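Commentary on secondary and tertiary structure
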Amino acid sequence: MAQVTVVIDGKAYRMACEEGQEDHLTDLATRFDRYVGHLKDQFGEIGDLRITVMAGIMIVDEIAELTRRVAGLSPSSSRYAATAIRCLQPLPEPKKILRQRLVKCRAASAASPTS
């Protein structure tokens, strides 16, 4: 088991992960830290636990929205499958930017020729 120290909201956390997953875990922590920072900018110091819970709920909300959108796509269309894959890539930005990216993905899909 490998160990990585990640920093979230200026605090270091030592975490274990599988060998070879160190960079991935560090990237995930960096992305999560962006959510925490975004919420702290919006709400100020309201407590570490509350900010962490809010960030987790925000991420789960975005996953639920993506899942709902992907479920509405036609699975028989390869262009939709490609769009779904692109849209489900990890997105570290706050909700507003995420929605802008989804609109771009949908526009790119509509513009690509059908297979």
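Description of the structure in this document. The written sequence of each chain sets the order in which its residues are numbered from 1. Owing to the predicted nature of the model, reporting of local features is limited to residues with pLDDT of at least 70; listing and counting of side-chain atom pairs is limited to 80 or more, with chain, interface and lining totals taken over all residues. Based on all heavy atoms of the structure, the side-chain values leave hydrogens and waters out of the count.

**A short note on helix 2 (residues 48-71)**
Under the scheme used here, helices are H or I runs from DSSP no shorter than 4 residues and strands are E runs no shorter than 2 residues, and both carry numbers assigned from the N terminus. To estimate how far a helix should reach, multiply one less than its number of residues by 1.5 Å. With 24 residues, helix 2 ought to run about 34 Å at 1.5 Å a step, and its terminal C-alpha atoms sit 35 Å apart, in line with that. Only protein chains enter the calculation, and the probe is 1.4 Å; a residue is then buried if its accessible area is under 20% of its type maximum, exposed if over 50%, and partly exposed in between. Considered for burial, the residues of helix 2 that qualify are Ile51, Ala55, Met58, Glu62 and Leu66.

**Observations concerning the pairing of strand 2 (residues 11-17)**
By the convention used here, strands pair only if DSSP detects at least 2 bridges between them. One ladder, built from seven bridges, connects strand 1 (residues 2-8) with strand 2; its direction is antiparallel. Along strand 2, the bridge assignment pairs Val7 with Ala12. The hairpin formed by strand 1 and strand 2 contains two residues between the paired strands, and Asp9 there has a positive phi angle of roughly 55 degrees.

**Quick notes on the packing of helix 1 (residues 22-43) against helix 2**
Remark: helix 1 packs on helix 2, axes separated minimally by 9 Å, with the N-to-C direction vectors making an angle of 115 degrees. The hand of the helix 1/helix 2 crossing is right-handed. The segment helix 1 lies against helix 2, with Phe32, Tyr35, Val36, His38, Leu39, Lys40 and Phe43 engaging Asp48, Ile51, Thr52, Met54, Ala55, Gly56, Met58, Ile59 and Glu62. Three residue categories are used. Nonpolar comprises Ala, Val, Leu, Ile, Met, Phe, Trp, Tyr, Cys and Pro, charged comprises Asp, Glu, Lys and Arg, and polar comprises the others, including Gly. Along the lines of polarity and charge, the residues of the contact of helix 1 with helix 2 split into ten nonpolar, three polar and three charged. Axes here mean lines fitted to C-alpha atoms, for a helix over just the part in contact, with angles spanning 0 to 180 degrees between N-to-C directions. Rotating anticlockwise by less than a right angle from the far helix to the near helix defines a left-handed crossing, while the corresponding clockwise rotation defines a right-handed one. A contact between two residues is defined here by any heavy atoms of the two lying within 4.5 Å.

**Some remarks on a nonpolar patch on the surface**
Within the patch definition used here, like charges are joined within 9 Å and nonpolar side chains (Val, Leu, Ile, Met, Phe, Trp, Tyr) within 5 Å, considering only residues with over 30% relative accessible area and no salt bridge. All accessible-area figures derive from a Shrake-Rupley calculation using a 1.4 Å probe, and residue coverage is judged against the displayed protein chains alone. The working definition used for a salt bridge is a side-chain nitrogen of Lys or Arg within 4 Å of a carboxyl oxygen of Asp or Glu. A cluster of nonpolar residues, Leu49, Val53 and Ile57, forms a patch on the protein surface that exposes about 320 Å² of accessible area. Here Ile57 lies in helix 2.

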